[in-house]
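Below, each chain spelled out in residue letters.
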Amino acid sequence: PNASFDNMTESSAPPSFKEKLHVGRPNVGNREALLARINDMLDRRWLTNNGPFVQELEQKMSEFLGVRNCIAMCNATIALEITTRALGMSGEVIVPPFTFVATAHALQWQEITPVFCDIDPTTHHIDPKKIESMITPRTTGIVGVHLWGRPCAVNTLTEIAAKHKLKLIFDAAHAFGCSHGGRMIGGFGDAEVFSFHATKFFNTFEGGLVATDNDELAQKIRLMKNFGFEGYDNVIYIGTNGKMTEICAAMGLTNLESLDEFIQTNHTNYYRYRQGLSGLPGVSVIEYNEAERNNYQYVVLEIDEKMAGVSRDRLVEALHAKNVIARRYFYPGCHRMEPYRSYFPHSRLLLPKTERLARRVMLLPTGTAVELEHIDAICVLIKRIINGSILS
Ligand code: T4K
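Keep in mind that this is a model prediction, so the values were computed, not measured.

Procedures and definitions
Residues numbered from 1 in each chain as written. Predicted model: local features only at pLDDT ≥ 70, side-chain atom pairs only at ≥ 80, totals over all residues. Heavy atoms only, no water. Helix = DSSP H or I, 4+ residues; strand = E, 2+ residues; numbered from the N terminus. Rg over C-alpha atoms; globule rule 2.2 N^0.38 Å. Buried < 20%, exposed > 50% of the residue type's maximum accessible area, 1.4 Å probe, protein only. Contact = heavy atoms within 4.5 Å. Areas by Shrake-Rupley, 256 points an atom, 1.4 Å probe, with all protein chains shown as cover. Lys, Arg positive; Asp, Glu negative; His and termini not counted. Charge placed at Lys NZ, Arg CZ, Asp CG, Glu CD. Near = heavy atom within 4 Å. Polar contact = N/O pair within 3.5 Å; in protein donor to acceptor, adjacent residues only side chain to side chain. Nonpolar A, V, L, I, M, F, W, Y, C, P; charged D, E, K, R; others polar. Pairing = 2+ DSSP bridges. Axes fitted to C-alpha atoms, helices over the stretch in contact; angles between N-to-C directions. Core = buried A, V, L, I, M, F, W, Y, C linked by side-chain atoms within 4.5 Å. Domains from an automatic or database assignment. Parallel < 35°, antiparallel > 145°, perpendicular 65-115°, else oblique. Left-handed = near helix turned anticlockwise from the far one by under 90°.

1. Description of the overall build of the chain
Argument step 1. If you tally the helices and strands in the chain, you get 15 helices and 18 strands.
Argument step 2. The C-alpha atoms of the chain give a radius of gyration of 22 Å, which matches the 21 Å a tight globule of 392 residues would have.
Argument step 3. When burial is assessed residue by residue, the chain has 54% of its 392 residues classed as buried.
Argument step 4. Contacts in the chain between residues far apart in sequence, at least 24 positions, make up 68% of those at least 6 positions apart.
Argument step 5. For the chain, the exposed surface amounts to about 17,300 Å²; the carbon and sulfur share of it is 51%.
Argument step 6. Charge separation in the chain, taken as the distance between the mean sites of 41 positive and 43 negative side-chain charges, equals 5 Å.

2. Topic: the site of the ligand
Argument step 1. Of all residues adjacent to the ligand, which total 24 residues, the nearest are T77, D171, S195, K200 and Y329.
Argument step 2. Within the side chain of H22, one N or O atom sits 3.1 Å away from an oxygen atom of the ligand.
Argument step 3. Within the backbone of V23, one N or O atom sits 3.0 Å away from an oxygen atom of the ligand.
Argument step 4. Looking at the shell around the ligand, its residues break down into nine nonpolar, eleven polar and four charged.

3. Let's talk about the sheet that holds strand β8 (residues 167-171)
Argument step 1. Taken in spatial order, the seven strands of this open sheet run β4-β12-β11-β8-β7-β5-β6, and their pairing is mixed. At either end of the open sheet lies a strand with only one pairing partner, and these are β4 (69-73) and β6 (113-116). Across the sheet, the mean angle separating the axes of adjacent strands is 25° when strand polarity is ignored.
Argument step 2. In this sheet, β8 lies alongside strand β7 (residues 139-145) in parallel orientation, the contact comprising five bridges. Residue pairing across strands places I142 opposite L168, the latter belonging to β8.
Argument step 3. Strands β7 and β8 of the sheet are contacted by helix α6 (residues 154-163), whose axis makes an angle of about 155° with β8.
Argument step 4. The strands touched by helix α7 (residues 215-224) are β4, β11 (191-195) and β12 (208-212); relative to β4, the strand with the most contacts, the crossing angle is about 20°.

4. Section: the side chain of T103
Argument step 1. Among the structural elements, T103 can be located in helix α4 (residues 102-108).
Argument step 2. At 2.8 Å, the side chain of T103 and the side chain of T99 are in polar contact.
Argument step 3. Separated by 2.9 Å, the side chains of T103 and D171 make a polar contact.
Argument step 4. Ignoring anything within four residues of it in the chain, the contact list for T103 reads L80, V143, V145 and D171.

5. Quick word on the nonpolar core
Argument step 1. If you look at the biggest cluster of nonpolar residues, it comprises 80 residues, and the most contacted ones within it are W148, F176, L301, L319, L364 and I382.
Argument step 2. A total of eight residues in this core trace back to one element, the largest contributor, which is helix α15 (residues 372-386).
Argument step 3. If you count residues domain by domain, this core takes at least three from each of domain 1 (31-256) and domain 2 (259-386).
Argument step 4. Sequence-distant contacts of L319, that is, excluding residues within four places in its chain, are made with V324, A326, M362, L364, L381, I382 and I385.
Argument step 5. In this structure, M73, I82, A191 and Y340 belong to the second largest nonpolar core, which totals 29 residues.

6. Structural notes on the packing of helix α9 (residues 259-277) against α15
Geometrically, a packed helix pair is captured by the angle between its two axes and the distance between the axes.
Argument step 1. At a closest axis distance of 9 Å, the pairing of α9 and α15 adopts a crossing angle of 30°. As summarised for this structure, α9 and α15 are arranged roughly parallel, according to the angle between their axes. The way α9 lies across α15 gives a crossing that is right-handed. Contacts between α9 and α15 pair T268, N269, R272, Y273, G276 and L277 from the former with L372, I375, D376, I378, C379, I382 and K383 from the latter.
Argument step 2. The residue inventory of the contact of α9 with α15, partitioned by class, reads seven nonpolar, three polar and three charged.

Spelled out as structure tokens, the structure:
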């Protein structure tokens, strides 16, 4: 059921939602189509291990992204681990600290040290101007993150990687359906990794995808995600279990059919928020480049405490009290999480832009589970919190 709320008008008491309104409610495509696929799957008794739905999804992804090889995986974290390993990354790899912790964990899990490079506060991405000074003899690669679905500095990162003979991959967990320079994200670097987690714009319950034009790398990743098996009894490589199941692929095939609708809803929601919050002092909504394809999955606010007269944390707290579960992604930054904060106790001093941004950013609920009237009510709430009529 959709969240309902009381007291919507500007003049009445502030709106308050009866049920929690979350960031990251899943988009779900046509239920009948999904159930029909699940019935097919059960009739076939082929539930996982490169089944027909997984193969169909991989082929459709290749067409959609314009990339030669698409490998469906159980989630993006394992996909990142396998991809970095298949590329032979080791030693140190340069990453942004302002990302979901999985970007760093996927490296550290293999005892590769994530070296955090500060971000550009306007893009929220790794600052390409700072990368070269962080390269050491131990550096083997760079992981760029297309945070919020906005492409990071793909061209500059590609040049730096080529110049220093480093591997380059992109954590494209947020960027399915987005483009850079008119070309779909998925085709850049040595490989790109998408997340199809339930909270993502496009989901397969849990899931991920590696996209690469490098056939040799793709072959290695295919082996590694299936224990290194070639045929029935022959293991020719070290591997793990990174496979996507058939039920997840069934969800993916179904959701692919509703992609345009998901984007349309997110787009409408995003502009409704921008309209509702425009002119509010100290509140800005991050922008998307309309010349590119975007999925508009993230309504990201930056709060300037001095101008707004209220801190980001106080605003989030006040919204939670009204059942609007705004999120502080990606506070406090990977460098302030374990094990990294113990490994690099002073790293926050070196990352002033990340430190500042992590105190300012918050996300609001969007997606097909959110109604326009919810958005209007959330905007009214935020206005009232900022103008002081809600805070006690
Ligand atoms: N790289 C980046 C940049 C990423 O953002 C992520 C994942 C990854 C890599 C790794 O991808 P995966 O290995 O997950 O494929 C969530 C997700 O678990 C995670 O996938 C995502 N990023 C991250 C940004 O968000 P949490 O710890 O915040 O999840 P949680 O349980 O608080 O859920 C988020 C919100 O979604 C809640 O408010 C409730 C709502 N929700 C969640 C689920 C699962 C629902 O309404 N229904 C649901 O089924 O990490």
